[in-house]
Amino acid sequence: MIDYLIIGSGLAGISFAEVALKNNKTILVLDNNSQNSSRVAGGLYNPVILKRFSEVWKAQEQLVLMNDFYNHIEDKLQTKFNFKLPILRKFFSIEEQNNWFAASDKKNLTSFLSTKLINRKYNSIYSPYDYGEVLHTGYVDTALLLDRYKEYLKEKDLLLEEFFDSTYIEFLDDGIQYKNIQARHIIFAEGFGLHKNPFFNYLPLDGTKGELFVIKAQELNLDVIVNTSVFILPLGNDLFKVGATYNWQDKTDVPTEEGKQELVDRIKEIITCDFEIIEHFGGVRPTVKDRRPLIGTHHERKSLHILNGLGTRGVMLGPAMAQALFDKIENEIPLDAEIDIKRFHKRYLKTLIFDRP
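Here goes a summary of the coordinates provided. What you see is a predicted model, and the numbers here were worked out from it, not measured in a lab.

### Quick notes on the nonpolar core
The biggest cluster of nonpolar side chains holds 69 residues, and the ones touching the most others in it are Y4, F16, I27, L307 and M321. It is helix α6 (residues 314–331) that contributes the most residues to this core, 9 residues altogether. Not counting the four nearest positions on each side in its chain, M321 is found in contact with W57, P293, I295, L307, L310 and I339.

Structure below.
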């Protein structure tokens, strides 16, 4: 019997896999590659919600765990994933500058927002009001991370690439049986695939589609991440990742003409040079309306657990949430009430009543 059967190999799934392995637990990851939001994500990490000038929930704690986590995996796989780059917020007015300085005086934002204006001029970006710098920022190459980690799992015979069919689950006294696999626990890290999960589909996961580009812009000489209505992330060789859109109706991964036009229009508001669209991709982020992850254990089936709802900040949240769930299962350390799925217990009870014959 293994300790953990992990369903999903996106950021949530590999985060829990790595936490479990570091603690000498036995695992098997099962995935059919049906969800791609982690792969096509921008991968940015930023401790400040710039739209509202507010701190990301428990940002300092998440940054510490995140950096330790990715440093460990980089050493383990001998591959660089985590790239520390400044994020510069372009100002469009004196008023925006003033709002920035007012935010930087807030106790919880002082360590994240620089009070020194950045007046460097970048080719093809008109910036008469300069930039503000967010500290402790960068990006994770999520596609490379997931590819290399899955290669590692395959080498260790820890990855099963097939569709997960919950009807094959049998409950044992000390765990579950799934086909020929016995496990003490199942971790569901399916992203937007949660809606097909009969044990947790009552949870209010509201997927948000995002579309991104990779563009080529030879005249755009940029070595930082610029954030305005979209982000522009330098990849090298005149290539830049640009995103993202937010669509709450479309729940497919298919790139759209509407998304394309929205991104093109926003790019033209920021840069003045020509650019070529090299790639256009989309994915559905697993988001929750209260902007908190969905972490916890099934109310009745104590061997079933969920790690989901990481939303747009999966790079930062994944390691911390995986550690929190592991500590709950193995060490009986209670989850923070803000992330525990117990906050939706009344919703679960209503589902039981509704489904009762």
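### Examining the sheet that holds strand β18 (residues 276–285)
The strand order across the open sheet formed by 7 strands is β8-β7-β15-β16-β17-β14-β18, and the pairing between neighbours is mixed. Edge strands, defined here as strands with exactly one partner in the open sheet, are β8 (131–134) and β18. Averaged over neighbouring strand pairs, the angle between their axes works out to 25° when direction is ignored. In terms of strand pairing, strand β7 (residues 87–90) meets strand β15 (residues 225–227) through 3 bridges, oriented parallel. Residue L88 lies in a different strand from β15, and its bridge partner there is V226. Of the strands in this sheet, β7, β14 (208–216), β16 (231–236), β17 (239–243) and β18 touch helix α5 (residues 257–270), which is tilted by about 55° from β14.

### Description of helix α4 (residues 142–155)
Compared with an ideal rise of 1.5 Å per residue, which puts 14 residues at 20 Å, α4 spans 20 Å between its outermost C-alpha atoms and is within 8% of the ideal. Among all positions of α4, only T142, L145, L146, R148, Y149, K150, Y152 and L153 are buried. Elements that come into contact with the buried residues of α4 comprise α1 (11–22), β2 (27–30), α2 (59–77), β9 (138–140), β10 (159–160) and α6. At the C-terminal side of α4, D157 shows a positive phi close to 55°.

### Thoughts on the pattern of salt bridges
For side chains bearing opposite charge, pairing can occur when the charged atoms are close. Per the stated rule, a full pass over the model turns up 16 salt bridges. Members of the salt-bridge network, linked through shared partners, are D3, K25, R184 and E330.

### Remarks on the sheet that holds strand β3 (residues 44–45)
With respect to topology, 3 strands assemble into an open sheet ordered β3-β9-β6, the strand pairing being antiparallel. Each of the sheet's edge strands pairs with one partner strand only, and the pair in question is β3 and β6 (82–84). As defined by bridge partners, β6 adjoins β9 across 3 bridges and the pair is classed as antiparallel. Bridged to K84 within β9 is G138.

### Some details on the side chain of Q177
Here Q177 shows up in strand β12 (residues 175–178). For Q177, the residues in contact, after removing those within four places along its chain, are Y168, I169, E170, L172 and Q182.

### Describing the side chain of E74
Residue position: E74 is located in helix α2. Classification of E74 by relative accessible area gives buried; the value is 10%.

### Describing the packing of aromatic side chains
Under the counting rule described, the total for this entry stands at 16 aromatic pairs. With centroids separated by 5.9 Å and ring planes inclined at 85°, the aromatic side chains of F53 and W100 adopt a geometry described as edge-to-face. With a gap of 47 residues between them, F53 in the loop between β4 (48–49) and β5 (54–55) and W100 in helix α3 (residues 94–104) connect regions that are remote in the sequence. With a relative accessible area of 15%, F53 lands in the buried category. Put simply, the rings of F164, Y168, F171, Y178, F188, F199 and F200 pair up and form one aromatic cluster. Sitting over the face of the ring of Y246, R285 holds its NZ or CZ atom 4.2 Å from the ring centroid. We note R301 situated over the ring of F171; from NZ or CZ to the ring centre the distance is 3.9 Å.

How each quantity is defined
- Residues numbered from 1 in each chain as written.
- Predicted model: local features only at pLDDT ≥ 70, side-chain atom pairs only at ≥ 80, totals over all residues.
- Heavy atoms only, no water.
- Core = buried A, V, L, I, M, F, W, Y, C linked by side-chain atoms within 4.5 Å.
- Buried < 20%, exposed > 50% of the residue type's maximum accessible area, 1.4 Å probe, protein only.
- Helix = DSSP H or I, 4+ residues; strand = E, 2+ residues; numbered from the N terminus.
- Contact = heavy atoms within 4.5 Å.
- Pairing = 2+ DSSP bridges.
- Axes fitted to C-alpha atoms, helices over the stretch in contact; angles between N-to-C directions.
- Expected span 1.5 Å × (residues − 1).
- Salt bridge = Lys/Arg side-chain N within 4 Å of Asp/Glu carboxyl O.
- Phe/Tyr/Trp six-rings, centres within 6.5 Å; stacked < 30°, edge-to-face > 60°.
- Lys NZ or Arg CZ within 6 Å of the ring centre and 35° of its normal.

Scope: geometric values only; no functional claims are made or implied.
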